[in-house]
Amino acid sequence: MSQRDAAQRGAAQPGADTADRGPVTGGEPVRLRPRRIRVVCWVSAVVVVVLFAVIATTLTGPTGNGYGTFQRGDQFAMIGLGVLFALGALLFTRPRVEADARGVRVRNIIGSYELPWEVVRGIRFDRGAPWAALELYDDDLLPVVALQAADKQHAVDGVRALRRLHQAHLAALAERTPGP
């Protein structure tokens, strides 16, 4: 079993403050969410519900050859489908990353992970990659969907903040370890 599998949790428990924070200094906690995808998803969800509601209002009269007619229940079902599709689109607003001196908590679209800094080798954001990733000591890569390339400077600042926390943890470990 990999370190990521051992650290996987059912759901992260975010704090009351879910607002995005800018770049942090030192050992301040980091809480980041993607920006651009959230806007796109919310706008798309509203458009989908409105579109399905408009389609539902046009469902009247006979169906095709006249063997059946659209009922009020068909209209409600169409609106219900629009709501379900909108909720599916809003699933992409779920990603979040939270980190502090103890470790990092990553919530992706599906799945959440809580990892202590001891299992993290580094934070990667490769050129051309759609999002950042945590490189673990067991050579696993854990995607951090909350830090997306589409967010440009916001994502770069987030990766730098995570790297500062990781480096602070490594420095604290070096201080506790007696030298030769």
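Calculation notes
Residues numbered from 1 in each chain as written. Predicted model: local features only at pLDDT ≥ 70, side-chain atom pairs only at ≥ 80, totals over all residues. Heavy atoms only, no water. Helix = DSSP H or I, 4+ residues; strand = E, 2+ residues; numbered from the N terminus. Buried < 20%, exposed > 50% of the residue type's maximum accessible area, 1.4 Å probe, protein only. Contact = heavy atoms within 4.5 Å. Areas by Shrake-Rupley, 256 points an atom, 1.4 Å probe, with all protein chains shown as cover. Patch = residues over 30% accessible without salt bridge, like charges linked within 9 Å, V, L, I, M, F, W, Y side chains within 5 Å. Salt bridge = Lys/Arg side-chain N within 4 Å of Asp/Glu carboxyl O. Pairing = 2+ DSSP bridges.

Draft legend 1. Local environment of the overall build of the protein. Helix and strand counts for the protein come out as four helices and ten strands. Reading the protein from its N end, one meets helices and strands in the order α-β-β-α-β-β-α-β-β-β-β-β-β-α. Counting only residues that meet the buried cut, the protein has 36% of its 180 residues in that class. Taking contacts inside the protein between residues at least 6 apart in sequence as the whole, the part at least 24 apart equals 52%. Total accessible area on the protein stands at roughly 10500 Å², and carbon and sulfur atoms take up 61% of it.

Draft legend 2. Summary view of a nonpolar patch on the surface. A contiguous nonpolar surface patch, about 670 Å² in accessible area, is contributed by Phe-76, Ile-79, Leu-81, Val-83, Leu-84, Phe-85 and Leu-87. Along the chain, the position of Leu-87 falls in helix H3 (residues 72-90). Leu-87 gets classed as exposed once you look at its relative accessible area, which sits at 51%.

Draft legend 3. Structural view of the pairing of strand E5 (residues 96-99). A two-sided burial pattern is seen for E5, the buried positions comprising Arg-96 and Glu-98 on one face and Val-97 and Ala-99 on the other. Across three bridges, strand E2 (residues 30-32) lies against E5 in antiparallel orientation. Its bridge partner lying in E5, Leu-32 is registered against Val-97. As defined by bridge partners, E5 adjoins strand E6 (residues 103-107) across four bridges and the pair is classed as antiparallel. Within the sheet, the bridge partner assigned to Glu-98 lies in E6 and is Arg-105.

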